[in-house]
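Residue strings, one per chain:
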Amino acid sequence: MVKGPGLYTEIGKKARDLLYRDHNSDQKFSITTYSPAGVAITSTGTKKGDVLLGDVAFQSRQKNVTTDFKVCTDSTVLITATVDEAAPGLKSIFSFKAPDQNSGKIEVQYLHEYAGISTSMGLTQNPTVNFSGVIGTNVLAVGTDISFDTKSGNFTKINAGLSFAKEDLIASLTVNEKFDLLNASYYHIVNPLFNTAVGAEVSHRFSNKDNTITVGTQHSLDPLTSVKARVNSAGIASALIQHEWKPKSFFTISGEVDTKAIDKNAKVGLALALKP
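Since we're looking at a predicted model, the values are computed, not measured.

For the protein chain, the count of helices and strands is one helix and 19 strands. For 276 residues, the compact-globule estimate of 2.2 N^0.38 gives 19 Å, and the C-alpha radius of gyration of the protein chain, at 21 Å, lies within 12% of that figure. With the principal axes as the frame, the protein chain shows a C-alpha extent of 55 × 50 × 40 Å. Computing the positive centroid from 28 side-chain charges and the negative centroid from 26, the protein chain places the two 2 Å apart.

In terms of nonpolar packing, the biggest core is built from five residues, these being Ala-15, Leu-18, Leu-19, Tyr-187 and Ala-197. Setting aside residues up to four positions removed in sequence, Tyr-187 forms contacts with Lys-14, Ala-15, Leu-18, Asp-168, Leu-169, Ile-170, Ala-197, Val-198, Gly-199 and Gln-218.

Attention shifts here to the pairing of strand S17 (residues 236–246). Sheet analysis places strand S16 (residues 225–232) next to S17, joined by seven bridges and oriented antiparallel. The residue of S17 that forms the bridge with Arg-230 is Ser-238. In this antiparallel pair of consecutive strands, S16 and S17, the connection spans three residues, and Gly-235 shows a positive phi of 90 degrees. Across 10 bridges, the pairing between S17 and strand S18 (residues 249–258) is antiparallel. Within the sheet, the bridge partner assigned to Ala-239 lies in S18 and is Gly-255. Between S17 and the antiparallel strand that follows it, S18, lie two residues; Lys-248 among them carries a positive phi value of about 70 degrees.

Opposite charge on two side chains allows them to pair when their charged atoms are near. Under the criterion given, the structure shown has six salt bridges. Here Lys-48 makes a salt bridge to Asp-26, at a shortest N to O gap of 2.9 Å. Of this pair, Lys-48 sits in strand S2 (residues 40–48) while Asp-26 sits in the loop between helix H1 (13–20) and strand S1 (27–34), and the two are 22 residues apart along the sequence. Look at Asp-26 and you get buried, because its relative accessible area is 16%. Between Lys-157 and Asp-145 there is a salt bridge, with the nearest N and O atoms lying 3.1 Å from each other. Of this pair, Lys-157 sits in strand S11 (residues 154–165) while Asp-145 sits in strand S10 (residues 140–149); the two residues are 12 residues apart in sequence, bridging distant segments of the chain. Overlapping salt bridges, with partners in common, bring together Glu-177, Asp-180 and Arg-205 in one network.

A separate point is unusual backbone geometry. The peptide bond linking Ala-98 to Pro-99 adopts the cis configuration, its omega dihedral lying at 10 degrees. A positive phi angle, near 55 degrees, is found at Lys-178, a position not held by glycine. Along the chain, the position of Lys-178 falls in the loop between strand S12 (169–176) and strand S13 (181–191). Judged by its relative accessible area of 47%, Lys-178 falls in the partly exposed class.

Within the structure shown, the criterion is met by two aromatic pairs. With a centroid separation of 6.3 Å and an interplanar angle of 50 degrees, the aromatic rings of Phe-58 and Phe-69 are classed as tilted. On the criterion of sequence distance, the pair formed by Phe-58 in strand S3 (residues 51–62) and Phe-69 in strand S4 (residues 65–72) is long-range, its members being 11 residues apart. The partly exposed category is assigned to Phe-58, whose relative accessible area is 31%.

To continue, consider the environment of Ala-115. Position of Ala-115 among the secondary structure elements: in strand S8 (residues 115–122). On the basis of relative accessibility, which here comes to 15%, the residue Ala-115 falls in the buried class. Remark: the alpha-carbon pair of Ala-115 and Ala-271, spanning 156 residues in sequence, is separated by 37 Å. When neighbours within four sequence positions are excluded, Ala-115 is seen to be in contact with Pro-5, Tyr-110, Val-134, Ile-135 and Gly-136.

What counts, and at which threshold
Residues numbered from 1 in each chain as written. Predicted model: local features only at pLDDT ≥ 70, side-chain atom pairs only at ≥ 80, totals over all residues. Heavy atoms only, no water. Helix = DSSP H or I, 4+ residues; strand = E, 2+ residues; numbered from the N terminus. Rg over C-alpha atoms; globule rule 2.2 N^0.38 Å. Lys, Arg positive; Asp, Glu negative; His and termini not counted. Charge placed at Lys NZ, Arg CZ, Asp CG, Glu CD. Core = buried A, V, L, I, M, F, W, Y, C linked by side-chain atoms within 4.5 Å. Buried < 20%, exposed > 50% of the residue type's maximum accessible area, 1.4 Å probe, protein only. Contact = heavy atoms within 4.5 Å. Pairing = 2+ DSSP bridges. Salt bridge = Lys/Arg side-chain N within 4 Å of Asp/Glu carboxyl O. Phe/Tyr/Trp six-rings, centres within 6.5 Å; stacked < 30°, edge-to-face > 60°.

Structure, rendered in structure tokens:
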């Protein structure tokens, strides 16, 4: 992959992953196996309260073409075909969810040393067109993410962002939801040897003047075990411990508590991912 600013979705991603990734209050189990032909088969089950959801996904790779076929318990089938490096830095993605005839979408991504572009369009008579672009380097980048509804003639999404990165820190500033939501995030590697890092996110909504501050940290207890913790200005505190008990297989226990209402039951989540 070409080194550069990346795609718009990567602006602030390190801080988001530290603060929110793997934190959950559900029970989730997934297992991946491989057929003799090399097809990866992943079965996933998730318990959300009293609701049990599940899906079975099949993934096949042939040269630079990856095909994903997912069957869900809600009687839908998601088909995704990805063509990687059809030309240098170019990736094409086609997706379709059956039986929804209006769910077809095609996306093209292009990565350059000084730019990252992604554009997608629904395969309907009056599609929604999305465009995101980033220019700069892997140190300083600025970009935008917009969606246009050709049926109504209105912009449904207008976002803009700025990112600054060095070896041990990444800072970003984004304006989302048609310039109503301002997000500033910060990610800092404190100790690379133990993967110790801290992160923070500050959000301000102009329409109601609501402010939210979230801070968090991560640390590796040993090469196979890591912990994370976060707390926000609303008093919601979360923590997790994740153990890689065999290569690519993880067991995660996470918990969340409202520090302003200790009498309420804490939320506990379990996740188990098995891969050969």
